[in-house]
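# Survey of secondary and tertiary structure
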Amino acid sequence: MDYLLPDNQIIPQVETDSILPEIDHLTGGSLDPEVTDPLIHDAWGTVRDRLADFLLGQNFVTDMQTTFGREVDVESGKEHIIDILNGESLPGIRVLPAVNMYAAVGAFDVLTDTVYLADSLLDGSSGVDDGVLVDVLLEEVGHFLDGLLHEEDSRGDEGALFARLVSGEVLREWEVLEFLDEDDWVEIVDSGDVFEVEASQGVSFEEVGRFDMGDNPEWLALEDFNRDGFADFAVGNDSNNVSVFLGKGNGSFERRTNFQVGDFPLSSAEVDFNRDGFIDLVVANLNSDNISVLLGKGDGSFGTATNFDVGRGPQFVTVEDFNGDGFTDLAVANLNSDNISVLLGKGDGSFGQRTNFKVGNYPLQLTEGDFNGDGFTDLAVANYDSDNVSVLLGKGDGSFDKRTNFKVGSGPVSVAEGDFNGDGIADLVVTNFWSNNISVLLGKGDGRFGQRTNFKVGNGPQFVAVEDFNADGFADVAVANYDSGNVSVLLGKGNGSFGQRTNFKAGDQPWGVLAEDFNEDGIPDYSVANAGDDNVSIFINTTPVTPTTPQITISDTKTTEGNTNKTTNFTVTLDNPSNETVKVNYTTANQTAKVNQDYQRTKGTLTFQPGETEKTIPVTILGDKRDENNEKFKLTLSRPQNAELQDNQAIATIVDNDAPPKISISDATVT
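All residue numbers refer to positions counted from 1 along the written sequence of the respective chain. In keeping with the model being predicted, local features are shown solely for residues with a pLDDT of at least 70 and side-chain atom pairs are shown and tallied solely at 80 or more, while totals for entire chains, interfaces and linings include all residues. No hydrogens and no water enter the side-chain calculation; it runs on all heavy atoms of the structure.

## Focus: the overall build of the chain
Scanning the chain from terminus to terminus reveals six helices and 45 strands. Overall, the C-alpha framework of the chain stretches about 140 × 65 × 50 Å when taken along its three principal axes. Looking at the chain residue by residue over its 671 residues, the buried ones come to 53%. Contacts: residue pairs with any heavy atoms within 4.5 Å of one another. Looking at the chain alone, contacts between residues at least 24 apart form 52% of all its contacts between residues at least 6 apart. Only DSSP runs of H or I with at least four residues qualify as helices, and only runs of E with at least two residues qualify as strands; both kinds are numbered from the N terminus onward. Residue burial is assigned from relative accessible area. The probe radius is 1.4 Å, only protein chains are included, and a residue is buried under 20% of its type maximum, exposed over 50%, and partly exposed in between.

## Things to note about unusual backbone geometry
In this structure, phenylalanine 264 takes a positive phi of about 60 degrees despite not being glycine. Mapped onto the secondary structure, phenylalanine 264 falls in the loop between strand E13 (257-260) and strand E14 (265-271).

## A short note on the nonpolar core
Grouped burial of nonpolar side chains is what soluble globular proteins tend to show. Side-chain atoms within 4.5 Å are what join buried Ala, Val, Leu, Ile, Met, Phe, Trp, Tyr and Cys residues into a set we call a nonpolar core. Ranked by internal contacts, the top residues of the largest apolar core, which has 54 residues, are Phe205, Phe233, Ile340, Leu366, Val489, Tyr526 and Ile538. Take this core: its biggest share by element is four residues, from strand E36 (residues 535-541). The residues touching phenylalanine 233, leaving out its near neighbours within four places in the chain, are Met213, Leu220, Ala221, Leu222, Phe225, Ser243, Val244, Phe245, Phe253, Val536 and Ile538.

## Remarks on the sheet that holds strand E5 (residues 106-109)
A strand pair is defined by DSSP finding two or more bridges across the two strands. Judged by pairing direction, the sheet is mixed, and its four strands sit side by side in the order E3-E4-E6-E5 without closing on themselves. Of all the strands in the sheet, the pair left with one neighbour each is strand E3 (23-25) and E5. Within this sheet the neighbouring strands show an average axis-to-axis angle of 25 degrees, counted without direction. Lines fitted to C-alpha atoms define the axes, with helix axes restricted to the stretch in contact, and inter-axis angles between N-to-C directions lie between 0 and 180 degrees. Here helix H1 (residues 33-56) sits on the sheet and contacts E3, strand E4 (92-96) and strand E6 (114-118); the angle it forms with E3, its principal contact strand, is near 140 degrees. Packing against the sheet, helix H4 (residues 132-149) makes contact with E4, E5 and E6, and its axis sits at approximately 20 degrees to E5.

## Comments concerning the packing of aromatic side chains
In this scheme Phe, Tyr and Trp rings, the latter by its six-membered ring, pair at centre separations within 6.5 Å, and the angle between planes marks the pair as stacked below 30 degrees, edge-to-face above 60, and tilted otherwise. Enumeration over the complete set of coordinates arrives at 30 aromatic pairs. On the basis of an interplanar angle of 75 degrees and a centroid distance of 5.5 Å, the ring pair of phenylalanine 225 and phenylalanine 302 is categorised as edge-to-face. Pair noted here: phenylalanine 225 is in the loop between strand E10 (220-223) and strand E11 (232-237) and phenylalanine 302 is in the loop between strand E16 (290-294) and strand E17 (306-309), with a separation of 77 residues, a long-range link. Neither residue differs from the other here; phenylalanine 225 and phenylalanine 302 are each classed as buried. Each ring, one from phenylalanine 273 and one from phenylalanine 351, has its centre 5.4 Å from the other, and the planes form 80 degrees; the classification is edge-to-face. Pair noted here: phenylalanine 273 is in the loop between E14 and strand E15 (280-285) and phenylalanine 351 is in the loop between strand E20 (339-343) and strand E21 (355-358), with a separation of 78 residues, a long-range link. With respect to burial, phenylalanine 273 and phenylalanine 351 carry one shared label: buried. Joined through ring pairs, the aromatic side chains of Phe205, Phe469, Phe504, Tyr526 and Phe539 make up one cluster.

## A look at the pattern of salt bridges
Every case where a carboxyl oxygen of Asp or Glu lies within 4 Å of a side-chain nitrogen of Lys or Arg is listed as a salt bridge. Per the stated rule, a full pass over the model turns up 11 salt bridges. Between arginine 172 and glutamate 175 there is a salt bridge whose closest N-O contact spans 3.8 Å. With a shortest N-O distance of 3.6 Å, glutamate 612 and lysine 615 are connected by a salt bridge. When its relative accessible area of 25% is taken as the criterion, lysine 615 is described as partly exposed.

## Some thoughts on the packing of H4 against helix H5 (residues 158-166)
The interhelical angle for the contact between H4 and H5, taken along N-to-C directions, is 120 degrees, at an axis separation of 7 Å. As the angle between them shows, H4 and H5 are arranged oblique. Crossing geometry of H4 relative to H5 is assigned as right-handed. Here H4 contributes Asp135, Leu138, Glu139, Val141, Gly142, His143, Leu145 and Asp146 to the contact with H5, which in turn contributes Glu158, Gly159, Ala160, Phe162, Ala163 and Val166. In this scheme, roughly parallel covers angles under 35 degrees and roughly antiparallel covers those over 145, while 65 to 115 is roughly perpendicular and the rest are oblique. Left-handed is the label given to a crossing in which the near helix is rotated counterclockwise from the far helix by less than a right angle, and right-handed is the label when the rotation is clockwise.

## With respect to the pairing of E6
The buried fraction of E6 is high, at five of five residues. Burial along E6 is two-sided: Thr114, Tyr116 and Ala118 and Val115 and Leu117, pointing in opposite directions, are all buried. In terms of strand pairing, E5 meets E6 through four bridges, oriented antiparallel. Pairing of glycine 106 across the sheet is with leucine 117, part of E6.

## Re the pairing of E36
The side chains of a regular strand alternate, first on one face of the sheet and then on the other. In terms of burial, E36 is a largely internal element, seven of the seven residues being buried. Burial of E36 is two-sided: the residues Asn535, Ser537, Phe539 and Asn541 facing one way and the residues Val536, Ile538 and Ile540 facing the other way are all buried. Sheet analysis places strand E9 (residues 205-212) next to E36, joined by seven bridges and oriented antiparallel. Paired with phenylalanine 211 across the bridge in E36 is valine 536. Sheet analysis places strand E35 (residues 525-530) next to E36, joined by five bridges and oriented antiparallel. Bridged to asparagine 530 within E36 is asparagine 535. Two successive antiparallel strands, E35 and E36, enclose a turn made up of four residues, where aspartate 534 displays a positive phi of approximately 60 degrees.

## What to know about the sheet that holds E16
Spatially, four strands are ordered E14-E15-E16-E17 in an open sheet, and the strand pairing comes out antiparallel. The open sheet has two edge strands, E14 and E17, and neither has a second partner. Strand-to-strand twist across the sheet, computed as the mean angle between neighbouring axes with direction ignored, equals 25 degrees. Two strands pair when backbone bridges link them, and E15 and E16 are joined in this way by five bridges, in the antiparallel orientation. Paired with asparagine 285 across the two strands is asparagine 290, which belongs to E16.

## Section: the packing of helix H3 (residues 74-85) against H4
H4 packs onto H3 with a crossing angle of 130 degrees between their chain directions and a minimal axis gap of 10 Å. It follows from the interaxial angle that H3 and H4 lie oblique. Of the two possible hands of crossing, H3 and H4 adopt the one that is right-handed. Every residue of H4 that contacts H3 at Ser76, Gly77, His80, Ile81 and Ile84 is listed here: Val141, Phe144, Leu145, Leu148 and Leu149. Residue composition of the contact of H3 with H4, grouped by class: seven nonpolar, three polar and no charged. Classes in brief: Ala, Val, Leu, Ile, Met, Phe, Trp, Tyr, Cys and Pro nonpolar; Asp, Glu, Lys and Arg charged; the others, Gly included, polar.

## What about the domain arrangement of the chain?
Considered domain by domain, the chain is made up of domain 1 (23-200) and domain 2 (551-655). As annotated, the domain borders come from an automatic or database domain assignment. One C-alpha centre belongs to domain 1, the other to domain 2, and the line joining them spans 62 Å.

Here is the structure:
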């Protein structure tokens, strides 16, 4: 039978492989594809029949608007359905064990155009015979169409609503509203990767510009190099130089200035090495086997590079004070030496001889953090050829314990530190180039980490940035995908897991990604170095963020009483900066201390200007020479404006320092 559409377009009913979706199964599954695949194809034939009838039906337009919203492009939807019928646009189908799909039997991932089916639908139970498989496929076709018609997941469970309407059911208004109020989110596991499908996009970015670099830019450094309050960036190029762009505070940058460094500079870091108040740069030179240090002049320019030898093939450099002397030190990952070099800073822009520490094979990138809570800086290194991460615990003197390795995915490139489950302990996230995923390892607080959990990203992930992109208080990640030409943003849930990735198109071969607030709106944006295009893209965060009301707290204070008057200060803090002026009233009150005897009455209004987060309230303590017990009074906050009181009262303790009186008696003389 041929399908004749209202505009006389004919869709031939041809039973060939060209109109059937491709099917694959998770390796090691219990079902025989030779048995199950024909069942899926038979059910797909019924799906095609119902879709054709749906196109011919009188309610096609209204049913499409009911399912996908009144603003949907119905004609575009019609064309997509025709493409499904003639086999020009088909999702793939992948069969997974039911346990991998939790309570769901079907799901659709818009990022891979794949319908996932639970094997319980095909294991010989009633799922095939009673039409459940057809209903599930129709529902996932609805999700597939939604992905073609909209950039974000439509409200409610549009797939289930679509399946009911396509099957010819007449729904009452309250039934439609029930579907629109349902959550169609599903979390599934495929080959060890955990990811979400049918999840609404929770973050958005807009590319506002691309800035030409030298050859093959790979890594970025962000800082305020000219002290104007705006973020600038520096990037290394194959041209053996570093390009510096000065930010204008609106997401745009001035024309680059180049500074010569070593051969094939890959990564750079920024800090004040010589303590003159100006930001300096350090660059790892892959082919020179050294690092270049450029001392900043405070105006966005830098002096001539000074080079320091490290290991063979330095790939990445990071900065920290590893020996606690107050001077900034360096740690460098040497990919051809299978080690890291640590150079201790002298505080004048120079460094001592390197000390090398063995790690895994082909170390690419490293990060620092306190992984065992001892107050000393530790290191974590991604080892590309070892498929693991080496953790080296610092001793606080610039040296490190022997490495401990933790397994991750295939081809780890980048590692970053963050608290992903909100327990106050440092965790790790690692990009795995060949696995096309990231591994999250939750820290135990003693230098050890739990088993990895993997989350899918794009193809060939390179570097990762950790930030809170949607201002919900949970750490999120942005990953540059070299082979996909995009950046995946995954929003953290605060429990160590992440939502579905949202991909944003970048340039060719994106490599390094860094988060920074480029337009000064209080929300982090990101930049990405496009190695294949010889440029850097700037993406501004356009995620709608509901401002949180600042919370006011006040701290207790303690002051030793003297013989003369002195001042004690109560510190009042906002937990978040506000764009509005915040005010709060305050007044003192007696406890054991008495007003005008032990302290002066103090009252008034404290004002935080926009952006300020800490203020003090001074109260005069009246000195005397009397011996007395320690005494207390309180200061109470009230009537906040543009903020809320989390803590409205603090106690001041006056510690007496007068010696107790001495009793003496003198001899008497009788005459």
